[in-house]
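Chain and residue survey
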Amino acid sequence: SLMLSRKKQPRQGTVLSIGSTKQLLKFPSVVMILLFSSAAFGVFLAILPAYMHDKSISESNIEMLFFIFGASRLFFLLLSNVLVKRLLTSLVLITLSIAIGMLIVFYSGTLEQFSIAALILGFGFSVYFPLTFEIIMRKAKENAGALIGAYEATFGIGWALGPLIAGIIANAFGNEIPYLILFISGLFVSGFVLYRKKEAHIV
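Residues numbered from 1 in each chain as written. Predicted model: local features only at pLDDT ≥ 70, side-chain atom pairs only at ≥ 80, totals over all residues. Heavy atoms only, no water.

**So, empty space enclosed by the protein**
Within this structure, the stated rule accounts for 1 cavity of 30 Å³ or more. Considering only enclosed or pocket space, the largest cavity measures out at about 50 Å³ in volume. In this structure, the largest cavity is lined by Phe 44, Leu 48, Met 52, Leu 65, Phe 66, Val 105, Phe 114, Ala 117, Ala 118 and Leu 121. Looking at the lining of the largest cavity, the elements with two or more residues in it are α4 (48–54), α5 (59–77) and α8 (111–139). (1 Å grid on protein atoms, 1.4 Å probe; cavity = no way out; pocket = protein on both sides within 12 Å on 5 of 7 lines; lining within 4 Å. Points joined across faces, edges and corners; volume = space filled by probe spheres on them. Helix = DSSP H or I, 4+ residues; strand = E, 2+ residues; numbered from the N terminus.)

**Let's talk about the packing of aromatic side chains**
Following the criterion strictly, the structure yields 18 aromatic pairs and no others. Look at Phe 69 and Phe 125: their rings are 6.1 Å apart centre to centre, the planes differ by 75°, and that puts the pair in the edge-to-face class. With Phe 69 in helix α5 and Phe 125 in helix α8, this residue pair connects regions lying 56 residues apart in the sequence. Neither residue differs from the other here; Phe 69 and Phe 125 are each classed as buried. Pairing Phe 106 with Tyr 107 gives two aromatic rings, centres 4.9 Å apart and planes at 80°, and the pair type is edge-to-face. Since its relative accessible area comes to 18%, Phe 106 is described here as buried. (Phe/Tyr/Trp six-rings, centres within 6.5 Å; stacked < 30°, edge-to-face > 60°. Buried < 20%, exposed > 50% of the residue type's maximum accessible area, 1.4 Å probe, protein only.)

**Re unusual backbone geometry**
One non-glycine residue, Ser 56, adopts positive backbone phi at about 70°. Relative to the helices and strands, Ser 56 resides in the loop between α4 and α5. Residue class for Ser 56 comes out exposed when judged on its relative accessible area of 68%.

**Structural notes on the side chain of Ser 38**
On the secondary structure map, Ser 38 appears in helix α3 (residues 28–46). In terms of polar contacts, Ser 38 uses its side chain to reach the backbone carbonyl oxygen of Leu 35, at 3.3 Å. Excluding residues that lie within four positions of it along the chain, Ser 38 makes contacts with Tyr 128, Thr 154, Phe 155, Gly 158 and Trp 159. (Polar contact = N/O pair within 3.5 Å; in protein donor to acceptor, adjacent residues only side chain to side chain. Contact = heavy atoms within 4.5 Å.)

**Brief notes about the nonpolar core**
Soluble globular proteins tend to bury their nonpolar side chains together. Among the nonpolar cores identified, the biggest contains 47 residues, and Ile 94, Met 102, Val 105, Leu 121, Phe 125, Leu 131 and Tyr 179 are the most heavily contacted of them. Sorting elements by how many residues they give to this core places α8 first, with 11 residues. Residues in contact with Phe 125, not counting those within four places in the same chain, are Ser 37, Ala 40, Phe 41, Phe 44, Phe 69, Arg 73, Ile 98 and Met 102. (Core = buried A, V, L, I, M, F, W, Y, C linked by side-chain atoms within 4.5 Å.)

**As for the layout of surface pockets**
Which parts of space are left empty comes out when a probe the size of a water molecule is rolled across the atoms. Of the voids in this model, the largest pocket is the one considered here, and its volume is about 310 Å³. For the largest pocket, the lining is made up of 15 residues, of which Ala 39, Leu 161, Gly 162, Ile 165 and Leu 182 are closest to its centre. Elements with a contribution of two residues or more to the lining of the largest pocket: α3, α9 (144–173) and α10 (177–195). The element that contributes the greatest number of residues to the lining of the largest pocket is α9, accounting for 7 residues. Grouping the amino acids of the lining of the largest pocket by side-chain chemistry returns 12 nonpolar, 3 polar and no charged. (Nonpolar A, V, L, I, M, F, W, Y, C, P; charged D, E, K, R; others polar.)

**What about the environment of Val 31?**
Take Val 31: it is sitting in helix α3. Judged by relative accessible area, Val 31 falls into the buried class, the value being 13%. Distance in space between the C-alpha atoms of Val 31 and Thr 132 is 8.7 Å, their sequence separation being 101 residues.

**Some points on α3**
Taking 1.5 Å of rise per residue, the 19 residues of α3 would be expected to cover 27 Å, and the 27 Å separating its terminal C-alpha atoms lies within 8% of that figure. With respect to burial, α3 is a largely interior element, 15 of its 19 residues being buried. (Expected span 1.5 Å × (residues − 1).)

Shown next, in the form of structure tokens:
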């Protein structure tokens, strides 16, 4: 890369500023979906294995559940080109799928129940990133790199705060409660997306 770049003319770098974040706020539905989905994904990866272990799911079965989750993600990721053609419907579906998956986790106590949750969550967690990114790229006309940076920062905020807040809630109210709260949050985000679809430039 260094050898090839020596032969090319330098380009003007991307300007990173607070304005980039303000520009991202023009997409409120994208911000809401991204924060909710990344927070839920962080909880799924960081906290759910311990929760399943508390429900007497063995280590080998937990590994199998994550294999099911990974296979589901891969399958639905291959369909992302189809889903992007019906963007609004797909965004509502992914938020609802994550919410419903979390509700199933809330009630789950067996391997079969967790398997159903893993399949449903695999759909939501596979396509929310490319679909929300598609909205940003459609509307990014200048200083796109800074806007993408703000997008990634929003993803990181949700990823970091999700497990932290879920852990505090679990310690205070019980291990199941974070998943119920994520279900309710997913319903709210889905309604918000439908209500603000025009302002968020989804349609």
